[in-house]
Amino acid sequence: MLGSCRGSPAGALGLLLGLGLLALGSAAARVLLHVNQAPKGVRATYRHLGESLTQTILRKQSKEGNENGESLPDSLPSAPGTLPHFQMEPDDAYIIKSNPISLHCRALPATQIFFKCNGEWVHQDEHVSDESVDEGTGLTIREVYINVTRQQVEDFHGPEDYWCQCVAWSHLGTSKSRKASVRIAYLRKNFEQDPQGKEVPIEGMIVLHCRPPEGVPTAEVEWLKNEEPIDSLLDDNVDTRADHNLIIRQARLSDSGNYTCVASNIVARRRSTSATVVVYVNGGWSLWTEWSSCNVRCGRGWQKRSRTCTNPAPLNGGVFCEGMPVQKISCTSLCPVDGNWEVWSDWSVCSPECEHQRSRECIAPPPRNGGDFCEGLSHESENCTGDLCIQDVDSASDIALYSGLGAAVMAVAVLVVGVTLYRRSQSEYGVDVIDSSALTGGFQTFNFKTVRQGNSLLLNSSLQPDMTVSRTYSRPICFQDPMDKELINDSSIFNPLTDIKVKVQSSFMVSLGVTERAEFHNKTHSGTFPHGNNRVFGTINSRNKAPYLQNLSSITSRPEMRTSGVFGHHGGRLVLPNTGVSLLIPLAAVPEESSCEMYMSINQGEPSLQPEGAEVVLSPEVTCGPPDVLLHSPTALTIPHCAEVSAEHWNIRLKKRSQQGKWEEVMSLEDETTSCYCLLDPYACHILLDSMGTYALVGEPLTDCAVKHLKLAVFGCMSCNSLDYSVRVYCVDNTPYAFQEVVSDERQQGGQLLEEPKLLHFKGNTFSLQISVLDIPPFLWRIKPFTACQEVPFSRVWCSNQQPLQCAFSLERYTPATTQLSCKICVRQVKGHEQILQVQTSILENEREMTAFFAHEDSTFPAQTGPKAFKIPYSIRQRICATFDTPNSKGKDWQLLAQKLSINRNLSYFATYSSPSAVILDLWEAQHPYDGDLDSLASALEEIGRTHSKISLVTETPMEEPDFSYSRQNGL
């Protein structure tokens, strides 16, 4: 059919017959008139005949036109009307991959529309048309569209692109639309020209060339700097419009970075190789200083002036200033001439005061060139009458006055000497007992300090009091035990050495002076005064919060990650030191009167677990056995992981390796199952197992916000060249085992931990990791150009599979005199988290301070057996199980216990055991391996409300309904 015809039957019939009989001349007009006057049935017959005839004529004319190089006539004779006007013409289109495109055409008025492609009429069956009437004019609107496939375009071989156009008919004639080209879109993979790295002086011009890959349509180009788009509209100094090139008119220091050319069209997006641009600054001399004074006081010497290469200082590999930083010139200093007196003048005439005078001048010679002036008086006077001169002064009274003053001075001196001798005789022993009641009180205020200045007992009496020795307690000390009160009265406390002097004042202050400060520390009674004031231990953000410091030297090189123990009916615990991995064998898990040797290890070789799809390995591979052991209750295996726990962003699963070596999924941590139970903590997973084997945790990120915790550590050591210093930055999954592997490797290389490790939150958003060295002292150290920043691909970090990632930086000293290194290590994920590691160290072995790292306190107890392996005393455990395993009408059963201990899911697992409370307490024991966590259990039991009576850990009394009130003193 030619299309849908929604007009009147007579009009449609006239059109079809008019087209069909167009070539028949005047006879056709008479046939058309006859058909229009025929009855309905006859008109229907003629209508079908007209349609067939019209299609035959169109095909014939199309064939003849193609053979003769002609097309359908532009107009057909018809009744008077209006030429078609196109409201919509076909647009140029691109075929993406194998998806066909549609070409649309709409004209008014139009009795018919056909598409012609590449000079040939498109078959009517490929047209889809629609007809409507314009409400304003009443004219017929016809819309037609066709689909063009990739195969049609590929099969066309012509001098020009594949094209199509519309031809619309009306009663007046025909109209043609514009030609629309159809092309297959593509974008090649390789750039015709990649940008190249450059080193440019500051304020120089930077031109980075980029020729994008060939593509249809032509690719648009944008530039990235350090993965951030460059907008030339926001920076007048940058131009990206010149033939895809990047032009920076005047280079600035901030323009240094990695530049990437990105080409994209409707098909694909391509990235060029990154070009590193370094904007360097050549050094410039500062102004000369003033000439120094001549270096000799007399004779020939030299004077100098200096300048520094700081105007500006060389940066990013810039050239150091040329020339000498110091200039010297010779100088001659006149020798100084000291002055000398001339001879005295004659005495003057005797004055009325019976004196005469004489004088002299320092002119023989006078002082010159800085010489010294003459010493002595320049004027002199004396009595000129031989003491026979009589004046109006009473000489006798003057003599009496002077004699009295001399006697008074002598009396005061004798008194002072007498008082001083008396005080020395009274303070020979340095002890005054003013108030002895200070020693007998139960509450005392003490101030321990060295003796006052001048005490002969000190090695150096001029030294200030040693604040590391003295301790001041401004509040009373309460002695909980009578023994403590006896200790305070013990003379050994106040006399740790033989040379101690004690002075007890009425203000309850006790001052101690000792001859050897170090001995005072060593001999002070350990239970007398509070401890811990001098501790400098740090802390780590751990669930159990029981860290202690351990130096690198305490970790043996490549320790074997395996431990074992023999366990009986009373159970126990296996721990792999410094790995966070442990295995709890519950009480009564091993049958009575029997024992079983159990072991646990971590795979240290190549990982056997290969993730599938988007999976990521989150924990080490842990093996516990023997695999054929039969136990009466499940064991609790604790495995650390490095995921930031979030059910919204992670799907974490437990996998087990079969005997054939194939890894199989045991369960998803969100599943409800009775075969296994997993409790996920922020840093570890606690698993209740019925069978031994090799287990590991994997995670599948559900969103880009899934986060892995990475531990960052920086180590350093001297290289073979004495001027070089190697800095190594490690990024490892945040599991204790992974970090211990790094520590062992570094110890073998003589590495030094330069800063406490830090955590980085690494997102699964496909952005890479950048590690750079910042703030290197410019005149003391240098680093090779293009090596101060290293970039690690996302997949290398995200899929590390518990293997450490290392980036090494080589620093070089300018001179061997440089012994201190200070810089910053910046580790950041592009569009993500960032951490700064501050390095401040001495590169000399004997001056370097040991930076400590943390380990759990269980590192010295790889195997614990019997009651000491459990935190809950056996009797208390039995009472808890007896209470909560019994159903209670008030709902106080084991389910409520699980809820209070934050065990809220998959409770059906515990219901399969005869004592659900015992299994819950086993899981709690695995989750809380430290004594201090008994507080949380006591608080949970107290919250349940069983407070009718008390249970004491020292004396146990049978009770009908035990009380679990909170008792911190006894632990529960």
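Check the entry above for the structure.
Numbering of residues starts from 1 in every chain and runs along the sequence as written. In view of the model being predicted, local features appear only for residues whose pLDDT reaches at least 70, and side-chain atom pairs are presented and counted only at 80 or more, with totals across whole chains, interfaces and linings using the full set of residues. Side-chain metrics in this entry use all non-hydrogen atoms of the structure; hydrogen atoms and water are not considered.

Caption draft 1: Looking closely at the overall build of the chain. Under the scheme used here, helices are H or I runs from DSSP no shorter than 4 residues and strands are E runs no shorter than 2 residues, and both carry numbers assigned from the N terminus. Looking only at helices and strands, the chain features 14 helices and 53 strands. Per-residue burial over the chain gives 41% buried out of 972 residues. Throughout, a contact is declared for two residues whenever any of their heavy atoms are within 4.5 Å. Long-range contacts, defined here as pairs at least 24 residues apart, represent 69% of the contacts in the chain between residues at least 6 apart. Accessible surface is estimated by sampling points in the Shrake-Rupley manner with a 1.4 Å probe; for residues, cover comes only from the protein chains shown. Only carbon and sulfur atoms are counted for the fraction: they give 51% of the accessible area of the chain, which is about 53,300 Å². Categorising residues by exposure relies on relative accessible area from a 1.4 Å probe, with only protein chains included: less than 20% of the type maximum marks a residue as buried, more than 50% marks it as exposed, and the intermediate range marks it as partly exposed.

Caption draft 2: Quick peek at the sheet that holds strand β46 (residues 769-774). Should DSSP find at least two bridges between two strands, the strands are taken to pair. In spatial order, the strands read β48-β46-β50-β51; together these four strands make up an open sheet with antiparallel pairing. Where the open sheet ends on each side, the last strands, each with one partner, are β48 (789-792) and β51 (834-842). Neighbouring strand axes in the sheet, compared pairwise and without regard to direction, differ in orientation by 15° on average. Direction of pairing for β46 relative to β48: antiparallel, over a ladder of four bridges. Across the sheet, residue Leu-769 finds its bridge partner in β48, namely Val-792. The axes used here are C-alpha line fits, helices contributing only the stretch in contact, and every angle between their N-to-C directions lies in the interval 0 to 180 degrees.

Caption draft 3: Fine view of the environment of Ala-940. As for its position among the elements, Ala-940 is in helix α14 (residues 934-944). For Ala-940, a relative accessible area of 3% corresponds to the buried category. If near-sequence neighbours (up to four positions away) are discounted, Ala-940 is found in contact with Lys-900 and Leu-901.

Caption draft 4: Inspection of the sheet that holds strand β53 (residues 863-865) at higher detail. Here we have six strands laid out as an open sheet, ordered β39-β40-β36-β32-β31-β53, and antiparallel in their pairing. Of all strands in the sheet, those with a lone pairing partner are β39 (677-680) and β53, marking the two edges. Ignoring strand direction, the axes of neighbouring strands in this sheet form an average angle of 15°. Of the strand pairs in this sheet, β39 and strand β40 (residues 684-689) are connected by four bridges, and their pairing is antiparallel. Directly across from Leu-679, in β40, lies its bridge partner His-686. Set on the sheet, helix α13 (residues 916-927) makes contact with β31 (572-576), β32 (581-585), β36 (635-640), β39 and β40; between it and β40 the angle comes to about 150°.

Caption draft 5: Molecular detail of the side chain of Ser-915. Summarising the element assignment, Ser-915 is placed in the loop between α12 (894-900) and α13. Leaving out residues up to four positions away in the same chain, Ser-915 has contacts with Cys-881 and Asp-885.

Caption draft 6: Highlighting a nonpolar patch on the surface. Patch building starts from residues that exceed 30% relative accessible area and form no salt bridge, then joins like charges within 9 Å and nonpolar side chains (Val, Leu, Ile, Met, Phe, Trp, Tyr) within 5 Å. What makes a salt bridge here is a side-chain nitrogen of Lys or Arg within 4 Å of a carboxyl oxygen of Asp or Glu, nothing more. Where nonpolar side chains cluster on the molecular surface, the patch consists of Ile-202, Leu-253 and Leu-315 and spans about 220 Å² of accessible area. Position of Leu-253 relative to the elements: it lies in the loop between β17 (246-248) and β18 (257-264). Residue classification places Leu-253 among the partly exposed residues on the basis of a relative accessible area of 38%.

Caption draft 7: Summary view of the environment of Leu-689. Within the fold, Leu-689 resides in strand β40. Along the backbone, Leu-689 and Ala-636 are 53 residues apart, and their C-alpha atoms lie at a distance of 6.4 Å. If we ignore the near neighbours within four places in the chain, the residues touching Leu-689 are Cys-624, Pro-634, Thr-635, Leu-637, Cys-676 and Tyr-695.

Caption draft 8: Molecular detail of the pairing of strand β41 (residues 693-701). With seven of nine residues buried, β41 lies mostly within the body of the structure. Two strands pair when backbone bridges link them, and strand β34 (residues 616-617) and β41 are joined in this way by two bridges, in the antiparallel orientation. Of the residues in β41, the one forming a bridge with Val-616 is Gly-699. By the bridge criterion, three bridges tie strand β35 (residues 622-625) to β41 in an arrangement that is antiparallel. Paired with Cys-624 across the two strands is Gly-693, which belongs to β41. Across eight bridges, the pairing between strand β37 (residues 650-657) and β41 is antiparallel. Within the sheet, the bridge partner assigned to Asn-651 lies in β41 and is Glu-700.

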